[in-house]
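As a plain string of letters, each chain reads:
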Amino acid sequence: MMMKERNENGKKPSNSQEISIPDCLHKINSKFELNEQEINKIYDLEEAIISGVYLTEEGSFNPENGEFVTENIPGNGKICIKYFQKLPYPEFLILKKIEASENEINLNSIYNQLEENILFFEEARKASKRMIFKRLFENHKTQALQIIEDLNKSFNRSIIHRKTDEKALADRLHFLQKKGRNYVLNKAMYLENKLAKGISAKLVQPELKRKRYKLESINNELKQNIAELKRFQDAVLLR
């Protein structure tokens, strides 16, 4: 006998939690047009308990865990149906999957590097005791946030900067203060260089075409940022 009556807590969902196949189709059809194959996949869930139907026009759902992300990632989908069938844990049916396009440049690594840089600049700003360094790292953080906006506009993305975990931040501040300015400045230059190298790797991809200019412009800004950090480091060490 199937254990379809159990949810992630091992308990049978109440009637208010269960969504019928017709209701599921009605909700999806309000935003997306399903093909015959997709409709058949939904009817294959007749023996399951559907507990959620999620739709998105911007972003996508992971087929493994149903997690929503703000980027259109190939392999993810625009429709996520959460259901319970053989196990006391949810499964996910992902529809309207996003196909990889030969003409689309994958910027995931660039966005991830920007997140790493922004977090470090925030840590460095808060760990600094002198206003001149606070302003320096605040400016670099602001520039990184602006790069995210520029990439979103140029490549039609909708990536949003993740908020800082304040609890984890407290431990990092103490660590950076113990390491000192030279370490912090070297790490900042390393991260900016890493971002610049990642962008340079994208510049050789032929599918960029007219969008190459934006990445070249960002790379030039990063070179200026690295030079500025080096000047600050030299000035500090000479004192």
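Keep in mind it's a predicted model, so treat the numbers as computed, not measured.

1. A few points about helix 1 (residues 21–29)
It helps to recall that an α-helix has 3.6 residues per turn; residues three or four apart then point in one direction. Taken together, the buried positions of helix 1 are occupied by Ile-21, Cys-24, Leu-25 and Ile-28. Viewed along the axis of helix 1, the buried residues span an arc of 95°, placing them on a single side of the element. Away from its buried face by more than 90 degrees, helix 1 exposes Pro-22 and His-26. Residues of helix 1 that are buried sit in contact with helix 2 (36–43), strand 1 (49–55) and strand 4 (77–84). A distance of 3.2 Å separates the backbone nitrogen of Asp-23 from a side-chain oxygen at the start of helix 1, and that oxygen is part of Ser-20.

2. Overview of the environment of Ile-39
Mapped onto the elements, Ile-39 comes out in helix 2. A relative accessible area of 28% places Ile-39 in the partly exposed class. Separated by 18 residues in the primary sequence, Ile-39 and Ile-21 have C-alpha atoms spaced 9.8 Å apart.

3. Some thoughts on the environment of Asn-193
Take Asn-193: it is sitting in helix 6 (residues 181–203). Between the C-alpha atom of Asn-193 and that of Asn-219, which follows or precedes it by 26 residues, the distance is 9.6 Å.

4. A look at the confidence of the model for the chain
Detailed reading of the predicted coordinates is not advisable wherever pLDDT falls low. With 85% of its residues at a pLDDT of at least 70, the chain reaches an overall mean of 83. Confidence drops under a pLDDT of 50 for residues 1–16, and excluding neighbours within four residues, the segment shows 31 contacts in the predicted structure.

Reading the values: the criteria
- The written sequence of each chain sets the order in which its residues are numbered from 1.
- pLDDT decides what is reported in this predicted model: residues at 70 or higher carry local features, side-chain atom pairs at 80 or more are listed and counted, and totals for whole chains, interfaces and linings draw on all residues regardless.
- Side-chain calculation: all heavy atoms of the structure are included, whereas hydrogens and water are not.
- Three labels apply to residues, based on accessible area from a 1.4 Å probe with only protein chains included: buried if under 20% of the type maximum, exposed if over 50%, partly exposed otherwise in between.
- Going along the chain from the N terminus, every DSSP run of H or I of four or more residues is numbered as a helix, and every run of E of two or more is numbered as a strand.
- What the arc describes is the spread of directions from the helix axis to the C-beta atoms.
- Whether two residues are in contact is decided by their heavy atoms, any of which lying within 4.5 Å being enough.
- Two N or O atoms count as a polar contact when they lie within 3.5 Å, although within protein this holds only if one can serve as hydrogen donor and the other as acceptor, and sequence-adjacent residues are included solely when both atoms are side-chain atoms.
- Per residue, pLDDT measures the predictor's confidence, with a range of 0 to 100.

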